[in-house]
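# Residue-level structure breakdown
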Amino acid sequence: MTARTTSERAPELLAELQRHYADSEVGVVFEIDAIEELTNDHVVVRGSYSQAGRPGATGAGIIPGPVQMAMADGFGWILSVAPLPPGSDAFTIDMSMQFLRPLPVGPYVARCSLLRWSPRRSVVTVDIAPGHDEPTATFITAAFSPRAALGDAGGGTGGAGG
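All values derive from a computational prediction rather than experimental measurement. (Residues numbered from 1 in each chain as written. Predicted model: local features only at pLDDT ≥ 70, side-chain atom pairs only at ≥ 80, totals over all residues. Heavy atoms only, no water.)

### Some words on the environment of Phe-30
Formally: To qualify as a helix, a DSSP run of H or I must reach at least 4 residues; to qualify as a strand, a run of E must reach at least 2; elements of each kind are numbered from the N terminus. Per-residue accessibility, obtained with a 1.4 Å probe over protein chains only, is compared with the maximum for each type, and a residue is labelled buried under 20%, exposed over 50%, and partly exposed between these values.
Topologically, Phe-30 is positioned in strand 1 (residues 30-38). Phe-30 gets classed as buried once you look at its relative accessible area, which sits at 7%. Taking the C-alpha atoms as reference points, Phe-30 and Val-67, 37 residues apart in sequence, are found 7.4 Å from one another.

Encoded structure:
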């Protein structure tokens, strides 16, 4: 069997993340339209948030901080499990967020970069902006504890972060 490249795993990882969110008790309210790019050390995700936002500078409001935290958690999870076998998981162990400017309700682009990866810890940065050519609205640093699946049966425990 030939090992798949990280980019070939993008649809599988996106489906697994969405399944984790659907199975969770916490309702995730943002949409993921596509993983535009996935390499061993970088992921770009495009999506949208269409719920009523918090009052803010734009007429539609701004995306609430907890929603942005869930975005960063999910996108960091994708990058943390991408080098592992299918069925693997990663648990969030640390997160820091800087809100630089309001993130308006509507489309977003998130760029996640891997700063460090080892079998025990991955550290990522995530910047979220309203679009590709827009300045960063939120900057996040997060750490995860990766857990490789056991054997071919899959050993993931079902969390998209933690």
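Continuing now.
### Considering the confidence of the model for the protein
If pLDDT is low for a region, its predicted coordinates should not be looked at in detail. Spelled out, the test is: A residue's pLDDT is simply how confident the predictor is in it, with values from 0 to 100. By definition in these notes, contact holds between two residues if any of their heavy atoms fall within 4.5 Å.
Chain-level statistics for the protein give a pLDDT mean of 81 and a share of 75% at 70 or above. Averaged pLDDT values for the elements of the protein fall to 69 in helix 1 (residues 10-23) and rise to 97 in strand 5 (residues 122-129). For residues 152-162, every residue scores under 50 in pLDDT, and the model assigns this stretch 31 contacts once sequence neighbours within four places are set aside.

### Observations regarding the pairing of strand 1
Looking along a regular strand, one sees the side chains alternate between the two faces of the sheet. Counted only if it meets this: DSSP bridges decide pairing: two strands pair if at least two such bridges lie between them.
Looking at chain direction, strand 1 and strand 2 (residues 42-49) are connected through seven bridges and run antiparallel. Each residue of the ladder has a partner; that of Phe-30, found in strand 2, is Tyr-49. Taking the residues between adjacent antiparallel strands as the criterion, strand 1 and strand 2 are bridged by three residues.

### So, the pairing of strand 4 (residues 106-117)
The pairing of strand 2 with strand 4 spans eight bridges and is classified as antiparallel. In the strand pairing of strand 4, Tyr-49 is matched with Gly-106. Examined bridge by bridge, strand 4 and strand 5 share eight bridges and lie antiparallel to one another. Directly across from Trp-117, in strand 5, lies its bridge partner Ser-122. Linking strand 4 back to strand 5 in an antiparallel pair, the connection comprises four residues.

### Topic: the side chain of Asp-127
With respect to the element layout, Asp-127 can be found in strand 5. Other than its neighbours up to four places away in sequence, Asp-127 contacts Val-109, Ala-110, Arg-111, Thr-136, Thr-138 and Phe-139.

### Focus on the side chain of Gln-68
Structurally, Gln-68 is set in helix 2 (residues 65-81). A relative accessible area of 3% means that Gln-68 is categorised as buried. Ignoring sequence-local partners within four residues, the contact set of Gln-68 consists of Ile-63, Met-97, Phe-99, Leu-103, Ile-128 and Thr-138.

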